[in-house]
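Structural overview
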Amino acid sequence: MKINPEIAYSELAAQHEFLKGRILVLAQSVADRASERDQLQAELTAMQTARDALAAELDAVKKERDDLLEDRRVTAELQEEANGAAE
């Protein structure tokens, strides 16, 4: 079997062009996915920051509530002592 170099070269050049185009399409697809990933990562980071801020705010509210309850308990005890001493 005889191979014609011009035909072989032409076929290889066609394959090369096809693969070059395919690689460009795949590279663009990878770039698109990377961009989407980066966007989602930024959104996730923002949500985590918001969650952490809300958790800190909730902790502050709970501490304030606990302080108020403790003040109320102490006031009630002092009132009971005052009532007991007055009797």
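Residues numbered from 1 in each chain as written. Predicted model: local features only at pLDDT ≥ 70, side-chain atom pairs only at ≥ 80, totals over all residues. Heavy atoms only, no water.

Some details on the overall build of the chain
Looking only at helices and strands, the chain has one helix and zero strands in total. Projected onto the principal axes, the alpha-carbon positions of the chain cover approximately 125 × 20 × 5 Å. Relative to its full complement of 87 residues, the chain shows a buried share of 0%. Accessible area of the chain: about 8100 Å², with a carbon and sulfur share of 61%. (Helix = DSSP H or I, 4+ residues; strand = E, 2+ residues; numbered from the N terminus. Buried < 20%, exposed > 50% of the residue type's maximum accessible area, 1.4 Å probe, protein only. Areas by Shrake-Rupley, 256 points an atom, 1.4 Å probe, with all protein chains shown as cover.)

Description of the pattern of salt bridges
When the charged atoms of two side chains with opposite charge come close together, those side chains can pair. For the coordinates displayed, the defined rule picks out eight salt bridges. Of the charged contacts, one joins Arg65 and Asp66 as a salt bridge, the two residues approaching to 2.9 Å between their closest N and O atoms. Note that Arg73 is salt-bridged to Glu77, the shortest N-O span being 2.3 Å. Here Glu77 and Arg73 lie together in helix α1 (residues 5-86), a separation of four residues that amounts to about one turn. In this structure Arg73 comes out as partly exposed when scored by relative accessible area, which is 39%. One network of salt bridges, in which partners are shared, links Glu70, Arg73 and Glu77. (Salt bridge = Lys/Arg side-chain N within 4 Å of Asp/Glu carboxyl O.)

By themselves, these figures tell us nothing about what the structure is for.
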